[in-house]
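# Architecture at a glance
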Amino acid sequence: MDFSSGGGGGGGGGGGGELHNNQFYQCEDNKPLLGEMSEGNNNNHTNTNTTKLGAGPCKRSLHHCGGGGGGGVVVGGGSGMRYKLLHEGDIQVCVVKHPRTFLSKILTSKFLRRWEPHHLALTDGSLTSATPTGYMETPLSYSSIEDLQLLSWDNAPKYCVQLSFPGGTVLLQAANSYLRDQWFHSLQWKKKIYKYRKVLNNPSRWDVVLKEIRALVDMALTSPLQDESIHQAPLNIISTLLAENSNLSAQDHENIIVAIAPLLENNHPPPDLCEFFCKHCRERPRSMVVIEVFTPVVQRILKHNMDFGKCPRLRLFTQEYILALNELNAGMEVVKKFVHSMHGPTGQCPHPRVLPNLVAVCLAAIYSCYEEFINSRDNSPSLKEIRNGCQQQNDRKPPMPLRLLRPEPPTPPPSSLLSLSANPSPLPPATQQQQQQQPTPVPPIPSPTPSLPLSPPPSVVNSSEILVELERNNNSANSRRKGGPSGGDSEPNLIDCLLVSPAVNTLSIQLPAQADRVLGCFALILKMLSDYDDWKPALASLLQPIPFPKEALAHAKFTKELKYVIQRFAEDPRQEVHSCLLSVRSGKDGWFQLYSPGGVACDDDGELFASMVHILMGSCYKTKKFLLSLAENKLGPCMLLALRGNQTMVEILCLMLEYNIIENNDTQLQIISTLESTQVGLRMYEQLCDRQRELKELQRKGGPTRLTLPSKSTDADLARLLSSGSFGNLENLSLAFTNVTSACAEQLIKLPSLKQLNLWSTQFGDAGLRLLSEHLACLQVLNLCETPVTDAGLLALSSMKSLCSLNMNSTKLTADTYEDLKAKLPNLKDVDVRYTEAW
């Protein structure tokens, strides 16, 4: 049926009653658009005149932008019935044309009227049917609807919505009053949004536009519909308006922002609106709108945003807002107060998304500071070419003018580092024999000392020139450790490509003034985030992969600012925090390598490196693997710091000797000489010698083959017992139902013949299991029943290939770990996993 045809205002159905009776209401298109939402509930009235539609009497309730009829719905304000916005649904449709002749009145009477079922869709511009036949053969445009109201009939089908168009009326019959009101408010919303979209699409005067925007906002706030689009649709309309009219004055900016502020309380701004907000933050950072309107918007973004990747302009708006705060008087104090407000006054932030979102904003802002440098890499060699010394010159564009490879710094004379003691203290038996066979002077320690050579003047790099300098000795050493040439197929390590001796750091990046302010602002935010204890574990995990461009890591100012954050991680006793100083996976470098002597970010004499080693050794990293990595990569810095009296490094060197980490005789002698050069080193070395003698006595053949400690025995009791004689033949040790802990692992690893160990119902934990797995490779039977071990410790048992019997009854074993152990322990035949998750 064609709804666009015109028609006069004829009578209604039989009996002469008018269906389209202008006597009782005013057509919506004749009302001022700005005043539509002002009528509220005052329009809810009942017509006292009785009219007839067809043959039966009809009582009609008119509702213009107001309450519901038969359902008793109160609309507007903050109370009353709420409805979900309909986009489609099934409903009965009847169309009544305005009669002009007596015959047409008979044909449109109540008794001859028919209803058609339709599945209607409320599109942006019209009301359409999924089956365009009969009454709904053509869509009904919202612009052709003159009036929309609810009807309540006495002796006729109930729950009807009346849509008046030129030449007739459309009746929509719902199943109940709630559905009827839902259709009514949804149609009303679609019609008015359509009208506002047309009005604001072609603005003429901005004072009128501002009034229309305020009316649109009021309509959205007072609508009884509850849906995301109720507030989002007006924002999209205003966003499109602003995108197409970018030449607004600053005052117009503020007026529009203030007008739409209520809609932003529970909604993210659309992308175009974010762009408009960013422009305002850049042009008027000291405007009160930034504090009063943008603050709650940004707070909501940080608390509720799940992925900046889906809407990067939200992140950009947050970034510009923080920079606007930084432009205020005492800007950094304002930024600090903002970060504190996001965390909250308690010790635990109640919003888990705040920290990841803040870190994402900081990372993007820091990246933008170096974006010009990064873009200039198009003409620079790849990392692999850097690793290979830029040998493939013919395959690249001409090299950049300031690409420098400086010569190696001169090596200091051996006497400047250490000299052998004239009267060395007693050595372990094996070492004494080696020293007697080789009385020649000990070669000097390979120089790790970056502080001795003089530093050449730094090279300033601007946006079109990037300088990356290699320390060739470190690269060649790394490639030897990896067992392959430096020009292998694998992509070179980031730190390898940036590794520069701290005192010979020739790289200096000069940022523009604005980029320098941005860097200082967001680096300070990272510092503030690291001061909150509850945020520190997640922050350390987010920063563990080193998510910064290599230009930032080569910038001395940035690494100096970030050093505070790394220091906070190194001071935290929680393993989940300080373990993030290491690389995220094998083969990658982490903050530990970056800030260690020889790393590009190291600007001290190794104090931070010593702090990191100290905290790592104090937790679960006192292992052969960790010591071996230090011996291969950082032995020189460890010896230098030990020579300067650092107790942690002295302990590291003693452990390297005790665990036989160092195989080279000359290197062993160098370590011993270093230890003897200080009082603390000499004392700890003498203690090592005593332990070696006791160990030799303990491991001497003889003694019992089986031993059971009494219940209630402690770690001290076990140590006292093992120091009382020889236990070289001990193969079976039972500590069941004793009070030993993981600390007794230090004594257990001294038993070379131990094959069966019973730890049933003890407090032996994960740290002890890690130590056993490294030293007791011959262990065959292990009972961990009712011990507090977890997956973290049980996974270490995968290196004990001789295990054939393992009891993990009543532990925190999981199914995945159990499957992993079964796959990696080929000799494992007897396993007890009862009362565990894997059972």
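Structure first, text after, so check above.
Here goes a summary of the coordinates provided. Nothing here was measured: the structure is a model prediction, and the numbers come from that model. (Residues numbered from 1 in each chain as written. Predicted model: local features only at pLDDT ≥ 70, side-chain atom pairs only at ≥ 80, totals over all residues. Heavy atoms only, no water.)

### Re the sheet that holds strand E16 (residues 756-758)
Quick note on the threshold: At least two bridges found by DSSP between two strands are what make those strands a pair. A helix here means a DSSP run of H or I that spans at least four residues, while a strand means a run of E at least two residues long, and both kinds are numbered starting from the N terminus. Between the N-to-C directions of two axes lies an angle of 0 to 180 degrees, each axis being a line fitted to C-alpha atoms and, for a helix, fitted only over the stretch in contact.
With respect to topology, 6 strands assemble into an open sheet ordered E14-E15-E16-E17-E18-E19, the strand pairing being parallel. Looking at the sheet topology across the chains shown, the edges are occupied by strand E14 (706-708) and strand E19 (830-832). Going from strand to strand, the sheet's axes swing by 5° on average, the running direction of each strand aside. Pairing of E14 with strand E15 (residues 732-734) involves 3 bridges; the strand directions are parallel. Note that in E15 the partner of Thr708 across the bridge is Ser734.

### Here we look at helix H4 (residues 228-244)
Note the threshold: To estimate the expected span of a helix, subtract one from its residue number and multiply by 1.5 Å. Under the scheme applied here, a residue whose accessible area is under 20% of the maximum for its type counts as buried, over 50% as exposed, and between as partly exposed, the area being computed with a 1.4 Å probe on protein chains only. Note on contacts: a residue pair qualifies if any of its non-hydrogen atoms lie within 4.5 Å across the two residues.
Helix length check: H4, at 17 residues, gives a terminal C-alpha distance of 24 Å against a target of 24 Å (1.5 Å per residue), a fit within 8%. When H4 is considered as a whole, its buried residues turn out to be Ile230, His231, Ala233, Pro234, Leu235, Ile237, Ile238, Ser239, Leu241 and Leu242. For H4, the elements touching its buried residues are helix H2 (177-201), helix H3 (206-222), helix H5 (250-260) and helix H6 (271-283).

### Points about the packing of H6 against helix H8 (residues 312-326)
Helix-helix packing: each pair is described by the crossing angle between the helix axes and the interaxial distance. Our working rule: Orientation is classified from the angle alone, with under 35 degrees giving roughly parallel, over 145 giving roughly antiparallel, 65 to 115 giving roughly perpendicular, and any other angle giving oblique. Helix crossings are classified by the rotation of the near helix relative to the far one: an anticlockwise turn of less than a right angle makes the crossing left-handed, while a clockwise turn makes it right-handed. Gly is put with the polar residues, along with every residue not named as nonpolar or charged; the nonpolar set is Ala, Val, Leu, Ile, Met, Phe, Trp, Tyr, Cys and Pro, and the charged set is Asp, Glu, Lys and Arg.
It is the contact of H6 with H8, at a shortest axis distance of 9 Å, that shows an interaxial angle of 15°. Relative to H8, the element H6 lies roughly parallel. The interaxial crossing formed by H6 with H8 has left-handed handedness. In contact with Pro271, Asp272, Cys274, Glu275, Phe277, Cys278, Cys281 and Arg282 of H6, H8 contributes Arg313, Leu314, Leu316, Phe317, Glu320, Tyr321 and Ala324. Looking at the contact of H6 with H8 residue by residue, the class counts come to 10 nonpolar, no polar and 5 charged.

### Some points on the packing of aromatic side chains
How we decide: Geometry of aromatic contacts follows a simple scheme: Phe, Tyr and Trp rings, the Trp one being its six-membered ring, pair when their centres are within 6.5 Å, and the pair is stacked under 30 degrees between planes, edge-to-face over 60, tilted otherwise. Both a distance and an angle decide whether a charge sits over a ring: NZ of Lys or CZ of Arg must be within 6 Å of the ring centre and within 35 degrees of the ring normal.
A full pass over the atoms with the stated rule returns 15 aromatic pairs. Ring geometry for Phe277 against Phe294: centres 4.8 Å apart, planes inclined by 45°, an arrangement best described as tilted. Residue Phe277 is found in helix H6, and its partner Phe294 is found in helix H7 (residues 288-304); the two are separated by 17 residues along the sequence. As far as burial versus exposure is concerned, Phe277 and Phe294 are alike and both buried. Ring geometry for Tyr835 versus Trp839: centroids 4.9 Å apart, planes at 50°, classification tilted. Put simply, the rings of Phe276, Phe277, Phe294 and Phe317 pair up and form one aromatic cluster. Over the ring of Tyr135 we find Arg114, and its NZ or CZ is 4.7 Å from the ring centre.

### Considerations on the environment of Ile256
Take Ile256: it is sitting in helix H5. Exposure remark for Ile256: the relative accessible area of 3% places this residue in the buried category. If we ignore the near neighbours within four places in the chain, the residues touching Ile256 are Trp206, Leu210, Ile213, Ile238, Leu242 and Leu248.

The values are spatial; any link to function lies outside them.
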